[in-house]
Amino acid sequence: MKYKKSVYKSLAMITQISIHMLVPIFLCSFLGILIDRKFGTYFVIPLFILGAMAGFRNVYVSAKAIYDNKEESGHDR
């Protein structure tokens, strides 16, 4: 039973990190496409890069929180 809980927890963590990475990229790319259509500019690439940087930051913060949480629980035992 403990093994199943660990697998589900790991799957949830991977899904959460994937969402943290993909949402900013898609939102910034969509915003870039809208700006391009409205004003005739080319903002897709810079906004895509901005979204990727935001996604990497989100993943870093999430991973750091998970790692810090595991360290704290490991010292208590």
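Figured I'd write up the structure that's included with this text. Being a predicted model, the structure only gives us computed values, none of them experimental.

So, the overall build of the protein chain
The secondary structure content of the protein chain amounts to two helices and zero strands. Relative to a compact globule of 77 residues, whose C-alpha radius of gyration would be 11 Å, the protein chain shows 18 Å and is clearly more extended. Taken along its principal axes, the extent of the C-alpha atoms in the protein chain is 60 × 25 × 10 Å. A total of 77 residues make up the protein chain; the buried ones form 17% of that total. A separation of at least 24 residues holds for 53% of the contacts in the protein chain among residues at least 6 apart in sequence. For the protein chain, the computed accessible surface area is about 6600 Å², with 70% contributed by carbon and sulfur atoms. Of the charged side chains in the protein chain, 10 are positive and 5 negative; the average position of the first set lies 10 Å away from that of the second.

Side note on a nonpolar patch on the surface
The grouping of Tyr42, Ile45, Phe48, Ile49, Leu50 and Met53 at the surface amounts to a nonpolar patch, some 620 Å² of accessible area in total. You can see Ile49 is positioned in helix 2 (residues 44-76).

Structural notes on the pattern of salt bridges
Oppositely charged side chains may form a pair once their charged atoms are brought near each other. Inspection of every chain in the model, using the stated rule, returns one salt bridge. When the shortest N-O distance is used, the salt bridge between Lys64 and Asp68 registers 3.8 Å. With Lys64 and Asp68 both in helix 2 and four residues apart, the pair spans about one turn of that helix. Residue class for Lys64 comes out partly exposed when judged on its relative accessible area of 43%. By relative accessible area, which is 31% here, Asp68 ends up partly exposed.

Re the environment of Ile25
By the element assignment, Ile25 lies in helix 1 (residues 2-39). Residues Ile25 and Met53, spaced 28 residues apart in sequence, show a C-alpha to C-alpha distance of 8.6 Å. Ignoring sequence-local partners within four residues, the contact set of Ile25 consists of Phe48, Gly51 and Ala52.

Overview of the side chain of Asp36
Position of Asp36 relative to the elements: it lies in helix 1. Although buried, Asp36 forms no salt bridge, and the nearest oppositely charged side chain, Arg37, lies 8.0 Å from it. Among the polar contacts made by the side chain of Asp36, one reaches the side chain of Thr41 at a distance of 3.5 Å.

Rules of the game
- Residues numbered from 1 in each chain as written.
- Predicted model: local features only at pLDDT ≥ 70, side-chain atom pairs only at ≥ 80, totals over all residues.
- Heavy atoms only, no water.
- Helix = DSSP H or I, 4+ residues; strand = E, 2+ residues; numbered from the N terminus.
- Rg over C-alpha atoms; globule rule 2.2 N^0.38 Å.
- Buried < 20%, exposed > 50% of the residue type's maximum accessible area, 1.4 Å probe, protein only.
- Contact = heavy atoms within 4.5 Å.
- Areas by Shrake-Rupley, 256 points an atom, 1.4 Å probe, with all protein chains shown as cover.
- Lys, Arg positive; Asp, Glu negative; His and termini not counted.
- Charge placed at Lys NZ, Arg CZ, Asp CG, Glu CD.
- Patch = residues over 30% accessible without salt bridge, like charges linked within 9 Å, V, L, I, M, F, W, Y side chains within 5 Å.
- Salt bridge = Lys/Arg side-chain N within 4 Å of Asp/Glu carboxyl O.
- Polar contact = N/O pair within 3.5 Å; in protein donor to acceptor, adjacent residues only side chain to side chain.

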